[in-house]
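# Topology and contacts: notes
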6 protein chains.
Amino acid sequence: MRLQLATWPEVETYLKERAEIIVPIGSTEQHGPNGHIGTDALTAEAVAFGIGAATGTYVGPTINVGMAVHHTQFPGTITLRPSTLIAYIQDYVNTLSGHGFQRFFFLNGHGGNIASTNAAFYEIYAGYTATAGAAQQRSNRPEPRCVLANWWESEEVKSASREMFGGREGSHATPSEVALTYYLFPDHVKNAPLDPPLAPSGRFFGADDYRRRFADGRIGSDPSLATPEKGKRIYEAAVQGMIPVFKAFAAAT
Amino acid sequence: MRLQLATWPEVETYLKERAEIIVPIGSTEQHGPNGHIGTDALTAEAVAFGIGAATGTYVGPTINVGMAVHHTQFPGTITLRPSTLIAYIQDYVNTLSGHGFQRFFFLNGHGGNIASTNAAFYEIYAGYTATAGAAQQRSNRPEPRCVLANWWESEEVKSASREMFGGREGSHATPSEVALTYYLFPDHVKNAPLDPPLAPSGRFFGADDYRRRFADGRIGSDPSLATPEKGKRIYEAAVQGMIPVFKAFAAAT
Amino acid sequence: MRLQLATWPEVETYLKERAEIIVPIGSTEQHGPNGHIGTDALTAEAVAFGIGAATGTYVGPTINVGMAVHHTQFPGTITLRPSTLIAYIQDYVNTLSGHGFQRFFFLNGHGGNIASTNAAFYEIYAGYTATAGAAQQRSNRPEPRCVLANWWESEEVKSASREMFGGREGSHATPSEVALTYYLFPDHVKNAPLDPPLAPSGRFFGADDYRRRFADGRIGSDPSLATPEKGKRIYEAAVQGMIPVFKAFAAAT
Amino acid sequence: MRLQLATWPEVETYLKERAEIIVPIGSTEQHGPNGHIGTDALTAEAVAFGIGAATGTYVGPTINVGMAVHHTQFPGTITLRPSTLIAYIQDYVNTLSGHGFQRFFFLNGHGGNIASTNAAFYEIYAGYTATAGAAQQRSNRPEPRCVLANWWESEEVKSASREMFGGREGSHATPSEVALTYYLFPDHVKNAPLDPPLAPSGRFFGADDYRRRFADGRIGSDPSLATPEKGKRIYEAAVQGMIPVFKAFAAAT
Amino acid sequence: MRLQLATWPEVETYLKERAEIIVPIGSTEQHGPNGHIGTDALTAEAVAFGIGAATGTYVGPTINVGMAVHHTQFPGTITLRPSTLIAYIQDYVNTLSGHGFQRFFFLNGHGGNIASTNAAFYEIYAGYTATAGAAQQRSNRPEPRCVLANWWESEEVKSASREMFGGREGSHATPSEVALTYYLFPDHVKNAPLDPPLAPSGRFFGADDYRRRFADGRIGSDPSLATPEKGKRIYEAAVQGMIPVFKAFAAAT
Amino acid sequence: MRLQLATWPEVETYLKERAEIIVPIGSTEQHGPNGHIGTDALTAEAVAFGIGAATGTYVGPTINVGMAVHHTQFPGTITLRPSTLIAYIQDYVNTLSGHGFQRFFFLNGHGGNIASTNAAFYEIYAGYTATAGAAQQRSNRPEPRCVLANWWESEEVKSASREMFGGREGSHATPSEVALTYYLFPDHVKNAPLDPPLAPSGRFFGADDYRRRFADGRIGSDPSLATPEKGKRIYEAAVQGMIPVFKAFAAAT
């Protein structure tokens with residue numbers, strides 16, 4: 001259920017019974033020689049739509065540019081500074097909270113978003129708390145609840161990956177996420193050579209450091225293993241794995 | 001050509017010959033009883049993809065939440081404050097400008113974005129000019145060029161609208177834009193009654209004022225006239241009407 | 001009626017019957033070889049005082065530095081970044097709104113201000129709307145109304161210009177605005193040579209681009225035609241042309 | 001020498017030999033029952049013009065709205081938040097510094113501006129220092145110099161006040177500043193009764209506290225003593241008193 | 001080695017051979033009925049001093065107010081909004097980076113800081129990368145490296161806690177941290193009753209939600225077990241556990 | 001009475017009778033060849049603890065990094081930009097004000113903080129005043145009161161300094177402040193040579209200018225006179241001198 005395909009009277013009706021919304025959040029950043037620049041946004045959106053369809057929940061517009069400072073030495077990457085992303089999430093949540101949305105489930109496709117998004121949640125909470133940094137009178141609206149969940153962190157996805165990709169999953173431009181986009185966009189499978197097939201691993205700091213360590217952008221992964229078929233399995237595992245996480249959040253007292 | 005479906009080496013190759021990018025910018029806001037909340041983002045994205053396909057130009061990720069403060073008394077609307085939208089556009093342009101993109105064609109779907117987006121362009125230019133408000137040394141990158149074009153402002157669209165909708169186009173939740181989304185999402189045609197069929201017209205100020213004047217959200221329009229077929233014609237007119245505008249921008253010395 | 005020449009008890013009395021204020025907004029920027037750097041502020045202020053005198057309306061302090069990033073390659077230009085101008089207008093309006101001023105008529109002297117000023121209006125409206133980006137409780141003050149009007153856009157000014165300057169008005173450092181300042185400051189008529197007399201026309205982007213295209217700062221104009229006498233006529237046309245625009249704004253329901 | 005009445009080629013010529021500019025900074029705020037709301041801006045501007053004329057120095061546009069939060073419970077007062085004033089001064093100085101202005105003499109008419117203006121100077125300096133909070137490369141322009149001087153703090157003004165007003169000068173809505181505006185605007189002398197003639201004295205904190213302590217807005221002053229003639233003497237004392245201060249600043253190594 | 005007890009020539013000498021600094025970061029927030037409000041700052045500072053002494057590394061001034069929005073319904077708590085903490089860390093790191101400090105080891109005492117601090121690191125990195133959101137020319141200084149380490153996350157601390165406190169450690173106002181402050185400040189051991197001895201567990205969202213769930217502020221802990229002696233063991237485990245983490249960071253290529 | 005060594009129930013009890021808090025604010029910046037980088041924070045903290053102990057008042061966490069842009073050409077200095085310090089103080093005060101703290105006594109150790117801290121106070125007051133720049137409804141909490149007092153400005157300190165250091169006190173890296181830290185940290189007395197013993201005097205502007213004028217960082221001082229014994233006398237004079245200032249602030253109606 002895409003919020004963007006609803007009308008405002010439909011939303012008004014929905015809010016009489018429901019207060020949840022799913023917010024896909026991804027990134028537009030390099031994913032190695034054969035991964036799509038939009039991987040993290042495209043996968044988050046698809047999984048969010050899957051959860052929304054399964055649970056009858058509205059899915060808001062995808063936050064398709066995220067925090068990707070460390071990828072900016074690769075052309076085509078776009079990043080928000082963390083402070084911009086925080087302001088963006090604040091406005092997004094606060095507008096909808098004014099209408100009665102109370103529970104925001106951020107379905108995340110990009111590790112780099114985690115810190116800034118969680119920071120944003122507390123920037124939001126501060127606005128609902130007369131004693132948290134603001135002089136103005138606190139809202140008469142109830143404090144909203146926000147949570148971030150990464151689609152790849154369910155046991156379902158992990159075991160599918162383990163089975164299909166063995167130890168070659170890695171942590172950026174992984175076969176799981178690349179396969180998922182190949183499933184979603186089978187006309188855009190990329191046959192670029194990967195040399196070496198398994199990318200180097202390790203931690204990193206800023207953008208220069210990242211590019212120096214990971215020459216083609218991948219970290220520890222072998223996305224040559226990605227196929228649309230495997231992507232379908234990842235997609236289904238991701239949706240199934242996240243549904244109970246979402247339901248628990250929606251039902252929590 | 002979606003940037004999100006490219007790889008970074010493909011972008012690197014593109015930048016050897018091209019420096020343009022099309023940026024769809026829309027909004028997530030009420031469009032009356034039978035218009036989609038995402039109308040302005042969905043239409044801008046579709047028209048941008050059309051221009052991109054016709055001209056071999058990359059289309060960046062859609063800015064799908066815009067400046068819609070005046071619509072916020074209708075549930076489901078999301079707005080950025082102008083200052084947030086300005087920061088967002090700054091980061092978007094500045095990252096890509098660092099890679100060699102020099103000309104940014106914002107294909108706009110929402111009148112409310114115009115002021116903030118143009119303000120953002122000058123906030124960006126200030127960063128490239130040592131004498132414009134910043135102490136730091138000016139960039140050694142050339143100053144980028146940004147322009148905003150509204151898809152509905154070509155003669156092609158105006159005459160198609162005139163012919164199909166007569167004087168019932170109005171200025172918000174128009175039959176043109178509603179038809180365009182019906183064409184794009186034929187499974188989501190809405191049959192909500194419109195009372196009166198032709199909405200009242202007039203200017204407005206803030207969000208309270210807007211809701212008071214325009215009870216169901218429409219301004220001066222009769223979107224009951226919208227059909228997927230008419231939407232197809234609007235879509236084609238919009239793409240054809242904008243191609244020369246884009247080409248002139250890309251070619252200007 | 002200058003607000004700056006009133007006392008606070010006089011303002012208190014005024015607010016019992018009136019809620020309008022006129023805000024002159026201009027710029028401090030190059031106006032070619034024979035135009036004053038303060039043209040846009042000086043003209044806006046003079047026209048605003050004229051409207052204020054004719055309608056018994058307070059005129060607030062002139063916003064004399066505006067958004068002029070594109071002029072910053074010419075010495076003496078001062079610019080605010082758009083974000084600074086937005087913050088400035090916000091504070092200006094919000095303070096006065098707290099006293100009972102409800103309708104803000106921005107009498108504008110500079111095209112470069114339009115986008116940022118309109119963006120500022122929505123940044124202001126967002127603060128009065130619990131559902132527009134802010135968590136805090138909405139104001140118990142009514143939403144103010146803000147509008148921007150350019151003094152040169154009335155039919156009165158256009159026909160006076162047409163008659164006196166023919167097709168040599170142009171769009172920056174125009175004979176109309178230069179003449180107006182010559183009328184206001186007859187001791188500061190400048191006799192600098194203009195070469196060519198009619199400046200080149202065209203669009204522009206950032207500050208480097210502007211200077212490259214328009215070598216002496218003018219766009220499409222021939223301000224050698226400006227005289228104090230013609231300036232008097234422009235001034236009177238501007239005041240007369242704007243009075244009904246202001247009255248309509250003040251009287252609107 | 002008003003910068004606003006110069007042309008850009010004139011400024012270019014000036015900058016070959018001079019690097020100073022005088023910036024009048026005042027406020028728009030209540031000045032008791034018989035003082036003008038614009039007193040601090042009008043007096044600063046007049047004194048700045050006097051210094052500029054005597055020394056052949058450009059005087060920039062007057063900063064006519066300042067930091068007056070504590071006066072905001074009196075209608076007609078306008079305030080910038082300190083953070084807005086800081087941003088404003090930053091942009092003002094940084095643009096002109098890009099053209100070659102190196103020494104900024106802020107001629108101040110309002111005690112409430114002192115803290116924010118001095119804070120702004122250091123916000124500016126930080127931008128010229130690679131080691132002061134910014135990652136970007138430091139400017140290749142020399143660090144500008146900024147200073148703030150209050151027109152009433154010379155011995156000349158103090159002795160004139162002492163002689164004419166005895167112990168009835170006070171600290172807000174003083175006979176000196178009110179007289180100065182009466183001299184500048186003799187048609188706007190106000191005959192409002194003052195009760196008691198000598199206002200109470202004392203310190204204050206925020207806006208509520210200020211209004212509670214100082215019922216008609218004055219602090220410790222008796223501006224019933226103000227006349228245009230006395231204002232002329234204050235004006236001349238202020239200009240004469242500030243000229244050596246300005247010259248010392250301009251000449252310092 | 002406290003930076004605050006060094007002189008600038010000593011720092012200059014240090015920087016010829018070393019580029020690391022340890023930055024203690026904590027919080028000032030409620031820690032239940034018998035825990036100190038400054039627990040997180042006091043413990044982080046003490047552990048940082050321990051690591052600094054053992055490795056001859058400067059320890060910068062403690063960031064003693066952190067991100068504690070969720071604790072603000074308990075008196076005495078102080079919080080920065082995430083955006084303020086990000087700005088603070090930016091300035092802290094950027095000033096020192098200008099002097100040659102290249103590696104910043106944030107020794108953290110408060111879980112609530114993790115997201116905002118990591119967001120700050122990327123806000124910082126963006127400033128060193130011409131392609132990451134800023135138009136200005138990138139720094140000619142090398143990109144610094146920042147990392148955050150929580151003192152309680154070493155195996156040394158975990159096993160000491162397990163042994164001394166069994167399953168009664170919990171996650172806020174834990175016996176480990178309370179004991180550590182009792183060791184540091186033996187004159188300030190608090191004998192407040194804890195009812196129930198073992199606090200409830202669970203997740204939380206904003207400040208209202210936190211207070212509703214955790215009536216006395218503790219989460220899942222039994223700090224009645226805390227004694228100065230046990231605190232000594234925790235302290236030593238924390239320092240020993242973090243030394244290799246710090247050394248690996250300092251030595252990494 | 002350190003707030004950090006209290007528990008939240010203790011603070012709750014305190015607030016039933018008291019509303020004051022002392023906030024030490026200092027800086028981390030060069031203090032010449034034999035002065036500690038943390039001098040201003042260490043001295044402010046010690047004096048604040050002294051006042052707190054004598055009057056039974058809570059002392060909040062020390063603001064140990066302040067506004068020291070002009071010292072940043074000396075390694076080890078850390079500065080906040082004024083805007084960051086303002087945001088920091090805002091959050092600090094607003095959180096505690098939400099709990100019932102109403103009077104904030106900033107005990108200052110660094111002249112460079114004065115402007116920014118006073119600016120911060122008005123930024124705070126603006127938040128409590130519906131007519132001061134904010135649209136949101138004013139707080140239902142009473143407006144807090146903030147004041148800044150410099151520990152060295154009492155007659156007690158001045159006369160002790162005069163007696164012990166004659167005319168060799170100067171204004172930065174003074175024997176008084178250096179002695180005070182020697183008293184507090186007798187193991188960290190520095191025996192660095194001072195050449196010349198008496199540093200040059202004069203005003204300064206930005207960081208480059210400061211370093212050029214004051215080669216070793218001192219201004220007009222001879223801190224070779226500092227000893228722990230003299231520091232003890234300065235410390236006691238500072239505490240005794242400030243106690244009545246604090247009491248007057250706490251008791252004022």
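This text goes with the structure placed above it.
### Description of the arrangement of the chains
- For the non-touching pair chain A and chain D, the nearest C-alpha separation works out to 13 Å.
- Without any contact between them, chain B and chain F keep their closest C-alpha atoms 13 Å apart.

### Notes on the pattern of salt bridges
Residue and element names in this part refer to chain E.
- Applying the stated rule across the entire model yields 66 salt bridges over all chains.
- The salt bridge involving arginine 168 is made with aspartate 222; its shortest N-O contact spans 2.8 Å. With arginine 168 in the loop between helix 5 (155-165) and helix 6 (175-184) and aspartate 222 in the loop between helix 7 (207-213) and helix 8 (228-251), the pair connects residues that are 54 residues apart, well separated along the chain.
- A relative accessible area of 3% means that aspartate 222 is categorised as buried.

### Some details on the interface of chain B and chain A
- Contact residues are listed per partner, giving 52 residues for chain B and 52 residues for chain A.
- The salt bridge partner of B:Lys190 is A:Glu10, with a shortest N-O separation of 2.9 Å.
- On inspection of chain B and its partner chain A, the count reaches 26 residue pairs in polar contact (both at pLDDT 80 or more).
- When residues of the side of chain B that touches chain A are assigned to their parent elements, the largest contribution, eight residues, is made by helix 3 (residues 82-97) of chain B.
- Classifying every residue of the side of chain B that touches chain A gives 23 nonpolar, 21 polar and eight charged.

### Comments concerning the sheet that holds strand 1 (residues 20-25) of chain B
All names here are of chain B.
- Pairing is parallel in the open sheet, where three strands are placed in the order 1-2-3. One side of each edge strand has no neighbouring strand; the edge strands of this open sheet are strand 1 and strand 3 (145-150). The mean angle between the axes of side-by-side strands here comes to 20°, regardless of whether they run parallel or antiparallel.
- In terms of strand pairing, strand 2 (residues 103-108) meets strand 3 through six bridges, oriented parallel. Looking at strand 3, one finds that phenylalanine 106 is bridged to leucine 148.
- Along the sheet face, helix 2 (residues 39-55) touches strand 1 and strand 2 and points at about 160° away from the line of strand 1.

### Observations concerning the side chain of F:Thr43
Residues and elements named next belong to chain F.
- Structurally, threonine 43 can be placed in helix 2 (residues 39-55).
- Only 2.8 Å separates the side chain of threonine 43 from the backbone oxygen of threonine 39, close enough to count as a polar contact.
- Only 3.3 Å separates the side chain of threonine 43 from the backbone oxygen of aspartate 40, close enough to count as a polar contact.
- Aside from chain neighbours lying at most four places away, what touches threonine 43 is Trp151, Glu177, Leu180, Thr181 and Leu184.

### Comments concerning the interface of chain F and chain E
- Listed as interface residues are 52 residues of chain F and, on the opposing side, 52 residues of chain E.
- In total, about 4200 Å² of surface goes out of reach between chain F and chain E, with carbon and sulfur atoms giving 62% of it.
- By the criterion of area lost to chain E, the three top residues of chain F are F:Gln4, F:Leu5 and F:Trp8, representing 19% of everything that side buries.
- F:Asp91 is paired through a salt bridge with E:Arg81; the nearest N and O atoms lie 2.6 Å apart.
- Taken together, the connections running from chain F to chain E amount to 28 residue pairs in polar contact (both at pLDDT 80 or more).
- Listed by contribution, the elements that provide at least two residues to the side of chain F that touches chain E are helix 1 (8-14), helix 2 and helix 3 (82-97) of chain F.
- Element by element, the count of residues in the side of chain F that touches chain E is highest for helix 3 of chain F, at eight residues.

### Quick notes on the pairing of strand 2 (residues 103-108) of chain A
Residues and elements named next belong to chain A.
- The buried fraction of strand 2 is high, at six of six residues.
- Residue alternation in strand 2 divides its side chains into two sets, Arg103, Phe105 and Leu107 and Phe104, Phe106 and Asn108, and both sets are buried.
- Bridge count between strand 1 (residues 20-25) and strand 2: six bridges; the pairing is parallel. Among the inter-strand pairings, isoleucine 22 is bridged to a residue of strand 2, identified as phenylalanine 105.

### Regarding the environment of A:Thr39
Residue and element names in this part refer to chain A.
- Residue placement: threonine 39 occurs in helix 2 (residues 39-55).
- Judged by its relative accessible area of 0%, threonine 39 falls in the buried class.
- Separated by 194 residues in sequence, threonine 39 and arginine 233 have C-alpha atoms that sit 16 Å apart.
- Those residues in contact with threonine 39 that lie beyond four places of it in its chain are His31, Glu177 and Thr181.

### Quick notes on the environment of F:Ile22
- Mapped onto the fold, F:Ile22 is located in strand 1 (residues 20-25).
- Taking the C-alpha atoms as reference points, F:Ile22 and F:Ala248, separated by 226 residues in sequence, lie 13 Å from one another.

### Here we look at the sheet that holds strand 1 (residues 20-25) of chain E
All names here are of chain E.
- Here three strands make up an open sheet; going across it, the order is 1-2-3 and the pairing parallel. Either end of the sheet is taken by a strand with one partner, and the two such strands are strand 1 and strand 3 (145-150). Neighbour-to-neighbour, the strand axes of the sheet open up by a mean angle of 20°, direction not taken into account.
- The strands touched by helix 8 within the sheet are strand 1, strand 2 (103-108) and strand 3, with strand 2 carrying the most contacts at an inclination of about 160°.

### With respect to the relation of the copies chain F and chain E
- Mapping chain F onto chain E calls for a rotation angle of 180° and an axial translation of 0.0 Å; the resulting RMSD is 0.0 Å. What the superposition gives is, in effect, a two-fold axis relating one chain to the other. In terms of proximity to the rotation axis, the leading residue of chain F is F:Thr84, whose C-alpha is 3.5 Å off the axis.
- In this assembly the copies share their binding face: 100% of the residues contributing to the interface of chain F also contribute to that of chain E.

### Thoughts on the packing of aromatic side chains
- This structure, assessed with the given rule, holds 93 aromatic pairs over all chains.
- Plain terms: the ring middles of C:Phe204 and C:Tyr210 are 4.9 Å apart, the flat faces sit at 75° to each other, and that makes the pair edge-to-face.
- Among the aromatic residues, those joined into a cluster by ring pairs are A:Trp8, B:Phe74, B:Phe204, B:Tyr210 and B:Phe214.
- When the ring centre of C:Trp8 is taken as origin, the NZ or CZ atom of D:Arg211, which lies over that ring, is 4.9 Å away.

### A few points about the relation of the copies chain B and chain A
- Taken as rigid bodies, chain B and chain A are interconverted by a rotation of 180° and an axial shift of 0.0 Å, the fit giving an RMSD of 0.0 Å.
- Both copies present the same face, since 100% of the interface residues in chain B are matched by interface residues at the equivalent positions in chain A.

### Looking at helix 3 (residues 82-97) of chain E
- The end-to-end C-alpha distance of helix 3 of chain E is 22 Å, a good match for the 22 Å that 16 residues give at a rise of 1.5 Å each.
- The buried fraction of helix 3 of chain E is high, at 15 of 16 residues.

### Here's the deal with unusual backbone geometry
Residue and element names in this part refer to chain D.
- Cis geometry marks the peptide bond from aspartate 195 to proline 196, where omega comes out at 0°.
- Residue placement: proline 196 occurs in the loop between helix 6 (175-184) and helix 7 (207-213).
- Here alanine 173, not a glycine, exhibits a phi torsion of approximately 55°, which is positive.
- Topologically, alanine 173 is positioned in the loop between helix 5 (155-165) and helix 6.

### Some thoughts on the packing of helix 5 (residues 155-165) of chain C against helix 8 (residues 228-251) of chain C
Residue and element names in this part refer to chain C.
- The geometry of helix 5 relative to helix 8 is characterised by a closest axis approach of 8 Å and an angle of 160° between their N-to-C directions. In terms of orientation, helix 5 and helix 8 fall into the roughly antiparallel class. Between helix 5 and helix 8, the contacting residues are Glu156, Val157, Ala160, Ser161, Glu163, Met164 and Phe165 on the first element and Lys230, Arg233, Ile234, Ala237, Ala238, Gln240 and Gly241 on the second.

### A closer look at the environment of C:Pro197
Residue and element names in this part refer to chain C.
- As for its position among the elements, proline 197 is in the loop between helix 6 (175-184) and helix 7 (207-213).
- Sequence spacing of proline 197 and phenylalanine 246 is 49 residues, and the spatial spacing of their C-alpha atoms is 36 Å.
- Apart from residues lying up to four places away in sequence, proline 197 is in contact with Arg168, Arg218, Ser221 and Asp222.

Reading the values: rules and limits
- Residues numbered from 1 in each chain as written.
- Chains lettered and ligands numbered in written order.
- Predicted model: local features only at pLDDT ≥ 70, side-chain atom pairs only at ≥ 80, totals over all residues.
- Heavy atoms only, no water.
- Contact = heavy atoms within 4.5 Å.
- Salt bridge = Lys/Arg side-chain N within 4 Å of Asp/Glu carboxyl O.
- Helix = DSSP H or I, 4+ residues; strand = E, 2+ residues; numbered from the N terminus.
- Buried < 20%, exposed > 50% of the residue type's maximum accessible area, 1.4 Å probe, protein only.
- Polar contact = N/O pair within 3.5 Å; in protein donor to acceptor, adjacent residues only side chain to side chain.
- Nonpolar A, V, L, I, M, F, W, Y, C, P; charged D, E, K, R; others polar.
- Pairing = 2+ DSSP bridges.
- Axes fitted to C-alpha atoms, helices over the stretch in contact; angles between N-to-C directions.
- Buried area = accessible area lost by both parts, 1.4 Å probe.
- Least-squares fit on C-alpha atoms with pLDDT ≥ 70 in both.
- Phe/Tyr/Trp six-rings, centres within 6.5 Å; stacked < 30°, edge-to-face > 60°.
- Lys NZ or Arg CZ within 6 Å of the ring centre and 35° of its normal.
- Expected span 1.5 Å × (residues − 1).
- Parallel < 35°, antiparallel > 145°, perpendicular 65-115°, else oblique.

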